[in-house]
Amino acid sequence: MRPQDPRVVVIGGGLAGITAAIALAESGAQVTLLEARPRLGGATCSFTRDGLTVDTGQHIFLGCCSAYRGLLGKLGMTAHAPLQDRFDVTVLAPGPAGQPRQARLRRTALPGPLHMLPALGRYPFLTRAERARVALPALAMRRVDPADPGVDAQRFGDWLAARGQSERARRALWDLFTVSALNIAGDDASLALAATVVKTGLLGKNNAADIGVPALPLGELHGDAAATLLARLGARVALSAKVTAIETSQESGARFRVRLARPTDDASLPAEAGVVLGADAVVLAVPHEKAAPLVPPDALPSGTVAAWSGLGASPIVNVHVIYDRPVTSLKFAAGIDSPVQWVFDRTSISGLGDGRSGGPQYLAISLSAADEYEEVPAARLREQFVPALAELFPAARDARVTEFFVTRERRATFRQVPGTGALRPKTGTRLPGLVLAGAWTDTGWPDTMEGAVRSGLSAAIELRQTLLASGSAAVGSGPDGEPAQGTAEPADPSEPNASASTIGVRQ
């Protein structure tokens, strides 16, 4: 690191901020990452509870999430977040005489979009006529442009209904793919964002929807690994460092002053920093409601920042149930005709055991678009979800629940409804050197882990261009102005295995 290398402050230690910090540090910038919480990872982190390691949510990813997979590679975590060899999901529903009905959606080796046809043709939760009509929106979707503002103005449910999809087909099939990906009731989702999910994940390459499930707690997979890499790259990381203002600066050699709520005691920061850090560039990588009061005046057009409140927030609720014995051999499953949406075996990852030797088993239910459950007391949720699990897993009827608790992500994502596309800002601002990042920005993707990582890469690229244009030391450039080796570019979303780099529950 040289004295002339630009000083960049990254505000926010979620996936967007982590990604931007890594890319900028690799490019030679002097990076300081500030995170208000006591740990990195943002919405994808872990905590301990009575000896259990609990993730903040049940995050998965797909093969098409090339930017996120690239971040895992940089963190050295690819082996700890394995992908299925083929998309394979067990779907359960309550059945007669207490025996659950079961279906298996597994793709073939046929090229996309033909790879899912055999599984859909046998899907028992739709009638033969309903299965035949699934092809109508699938074919029509290929002509939908997610970037068209008119598309973003439409409800996905209305669009599906106009193409022969019954209420039953929308709930039993389409919701499986869109509710967890978009964290909004299926019918209410923006057609533009739903089209991104369907076209990229289901109608693209045959491996695009293969599911990846982390095999480590998210705190280790993201936060701890990022802290290790950033330290190796020479970046500074300050935790419990809340930013109160970003100010433009007239001082020589500093475009911005980043003001902290209190003096930091982080020894990695310069002693003279106090409560103010000077910076040549700033990446603002926090949720929209946190970003709004930090954006300096004139950085964006009048009314833009105020309009971000229209993005709103959509909750995810996680129901955690620990049994005294194993009740299922499935690693995860989806539910229909049940309050259970998706359920995951957390036994091994939590440190409870392997779940196969007759010991306890820990299941976690992920409830997306969980407005109706957001304020429901845990006792009432127990009355609803313990019997619901027993309907899907008969062995649970004889098992004893040893622990039950609930975690709530009240602002898990923005509300991905029609019209929100126009509210999502671009990366750049009117102030050279100030850029925005976060899954809520205009990434072209839903509010997922993939969108967050893409936004961080875009922020790093924008700063490289800004600092080059201003004559500052070139972020991401070699001595002759050529791109430095290792500079990250956003991957082509149509390339599932692109090397440069939510959709999930929550992606």
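Reference entry: report on the structure contained in this document.

Rules behind the numbers
Residues numbered from 1 in each chain as written. Predicted model: local features only at pLDDT ≥ 70, side-chain atom pairs only at ≥ 80, totals over all residues. Heavy atoms only, no water. Helix = DSSP H or I, 4+ residues; strand = E, 2+ residues; numbered from the N terminus. Buried < 20%, exposed > 50% of the residue type's maximum accessible area, 1.4 Å probe, protein only. Areas by Shrake-Rupley, 256 points an atom, 1.4 Å probe, with all protein chains shown as cover. Axes fitted to C-alpha atoms, helices over the stretch in contact; angles between N-to-C directions. Parallel < 35°, antiparallel > 145°, perpendicular 65-115°, else oblique. Left-handed = near helix turned anticlockwise from the far one by under 90°. Contact = heavy atoms within 4.5 Å. Patch = residues over 30% accessible without salt bridge, like charges linked within 9 Å, V, L, I, M, F, W, Y side chains within 5 Å. Salt bridge = Lys/Arg side-chain N within 4 Å of Asp/Glu carboxyl O. Pairing = 2+ DSSP bridges. Phe/Tyr/Trp six-rings, centres within 6.5 Å; stacked < 30°, edge-to-face > 60°.

### Some details on the overall build of the chain
Moving on, step 1. A tally of regular secondary structure across the chain gives 14 helices and 19 strands.
Moving on, step 2. Relative to its full complement of 507 residues, the chain shows a buried share of 55%.
Moving on, step 3. When the accessible area of the chain is evaluated, it comes to approximately 20000 Å², of which 51% is carbon and sulfur surface.

### Points about the packing of helix H2 (residues 66–75) against helix H10 (residues 218–232)
Moving on, step 1. For the pair H2 and H10, interaxial distance at closest approach is 9 Å and the crossing angle is 55 degrees. Classed by the angle they form, the pair H2 and H10 counts as oblique. Here H2 and H10 pass one another in a crossing that is left-handed. Along its contact with H2, which presents Tyr 68, Leu 72, Lys 74 and Leu 75, the element H10 presents Leu 221, His 222, Ala 225, Ala 226 and Leu 229.

### Some remarks on a nonpolar patch on the surface
Moving on, step 1. On the surface, a cluster of nonpolar side chains totalling about 260 Å² of accessible area is made up of Leu 110, Leu 114 and Leu 117.
Moving on, step 2. Secondary-structure assignment places Leu 117 in helix H3 (residues 117–121).

### What about the sheet that holds strand E11 (residues 256–260)?
Moving on, step 1. Read from one edge to the other, the open sheet built from three strands follows the order E10-E11-E12, with strand pairing classed as antiparallel. Where the open sheet ends on each side, the last strands, each with one partner, are strand E10 (243–248) and strand E12 (276–279). Taken over all neighbouring pairs, the strand axes of this sheet differ in orientation by 20 degrees on average, direction set aside.
Moving on, step 2. Of the pairings in the sheet, the one linking E11 to E12 comprises four bridges and is antiparallel in character. The residue of E12 that forms the bridge with Arg 257 is Gly 278.

### Some thoughts on the packing of aromatic side chains
Moving on, step 1. Counting across every chain of the model gives 10 aromatic pairs.
Moving on, step 2. Taken together, a centroid distance of 4.8 Å and an interplanar angle of 70 degrees make the contact between Trp 308 and Trp 440 edge-to-face. With Trp 308 in the loop between helix H12 (304–307) and strand E14 (314–323) and Trp 440 in the loop between strand E19 (434–436) and helix H14 (449–470), this residue pair connects regions lying 132 residues apart in the sequence. For the pair shown, Trp 308 and Trp 440 are each scored as buried.

### Description of unusual backbone geometry
Moving on, step 1. Each neighbour pair has its own omega, and for Gly 112 with Pro 113 the value is 5 degrees, a cis peptide bond.
Moving on, step 2. Here Pro 113 is to be found in the loop between strand E7 (101–106) and H3.
Moving on, step 3. Even without a glycine there, the phi angle at Asn 183 is positive, about 55 degrees.
Moving on, step 4. Relative to the helices and strands, Asn 183 is located in the loop between helix H8 (167–182) and helix H9 (191–202).
Moving on, step 5. Overall, the relative accessible area of 1% leaves Asn 183 in the buried class.
Moving on, step 6. At Ala 369, a residue that is not glycine, the phi angle is positive and equals roughly 50 degrees.
Moving on, step 7. Looking at the element boundaries, Ala 369 is found in the loop between strand E17 (361–367) and helix H13 (378–392).

Spatial relationships are all this shows, so hold off on functional conclusions.
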